Amino acid sequence: MKVLGIDIGGTSIKCAIVNENGEVVSEKFSLPIVHGENQELTIKKLINLIQDFLKNKNEKIDGIGIGIPGSLDTTKGTVIYSNNLQWKNLKIVEIFKNTFDLPVKISNDANVAALGEARFGAGKKYKNIVMITLGTGV
C-alpha cells in the first residue's frame, strides 16, 4: 500500500509517497505558500502539482493523508480556520476525493507529526503512552 502524505506548513506544502512502514518511496516535491493567495487557488495549484507528479512518475497511490495547521472538523473533512494560512471553511477532503477518487484523511499537523514519531520514529518505544495521550487508543 502506498499513500500520498501532504504536510501543509506556513511556508510550503511538502508531499511524498510513503508505504505502510512509513518509508518514503518517492522523491519529495513541494509547493511554496503564497500568503494572501485565495485558498481555492492554492488547492488548485497543489492538485495540479500532484496530478503532474503522479502522471510523470507513473505512480499509483491508495489514499491521501493531509496534515494541516489550525482548527479542523475531521468528521466533515473541513478546515474550520487556519490562522497561518488564513483558510476558512475549506472542504478540503471533498475537493480531494472528487479529484482523485481515493480515501482522504485530514488531521492537525502537530497530531500527525506526533503519530508519525510514535509509530515510526523517536517515540516508537513509547507508543502506548503517545497513543493514549493523543486519544487514539492503544
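Structural data are supplied above this passage.
Residues numbered from 1 in each chain as written. Predicted model: local features only at pLDDT ≥ 70, side-chain atom pairs only at ≥ 80, totals over all residues. Heavy atoms only, no water.

**Q** Help me get a handle on the side chain of S12, residues and values and all.
**A** When you line up the elements, S12 lands in strand β2 (residues 12–19). Here the side chain of S12 touches K14 through a polar contact of 2.8 Å, side chain to side chain. Residues in contact with S12, not counting those within four places in the same chain, are D7, L31, P32 and I33. (Helix = DSSP H or I, 4+ residues; strand = E, 2+ residues; numbered from the N terminus. Polar contact = N/O pair within 3.5 Å; in protein donor to acceptor, adjacent residues only side chain to side chain. Contact = heavy atoms within 4.5 Å.)

**Q** Residue-level account of the sheet that holds strand β3 (residues 29–32), with values.
**A** In space, the five strands of this open sheet follow the order β3-β2-β1-β4-β8, with mixed pairing throughout. Whereas interior strands pair on both sides, the edge strands pair on one side only; in this sheet they are β3 and β8 (104–108). Averaged over neighbouring strand pairs, the angle between their axes works out to 20° when direction is ignored. Sheet analysis places strand β1 (residues 2–8) next to β2, joined by seven bridges and oriented antiparallel. The residue bridging G5 from the neighbouring strand is A16, located in β2. Packing of helix α3 (residues 109–120) onto the sheet brings it into contact with β1, β4 (63–68) and β8, and relative to β8 it is tilted by some 100°. (Pairing = 2+ DSSP bridges. Axes fitted to C-alpha atoms, helices over the stretch in contact; angles between N-to-C directions.)

**Q** I'd love a proper account of the nonpolar core, names of residues and values included.
**A** Nonpolar side chains tend toward joint burial in soluble globular proteins. Counting 31 residues, the largest nonpolar core has I6, I64, I66, I92 and F96 as the members making the most contacts within it. Residue assignment for this core shows that the elements contributing at least two residues are β1, β2, β3, α1 (39–56), β4, β7 (87–90), α2 (92–100) and β8. Element by element, the count of residues in this core is highest for α1, at six residues. (Core = buried A, V, L, I, M, F, W, Y, C linked by side-chain atoms within 4.5 Å. Buried < 20%, exposed > 50% of the residue type's maximum accessible area, 1.4 Å probe, protein only.)

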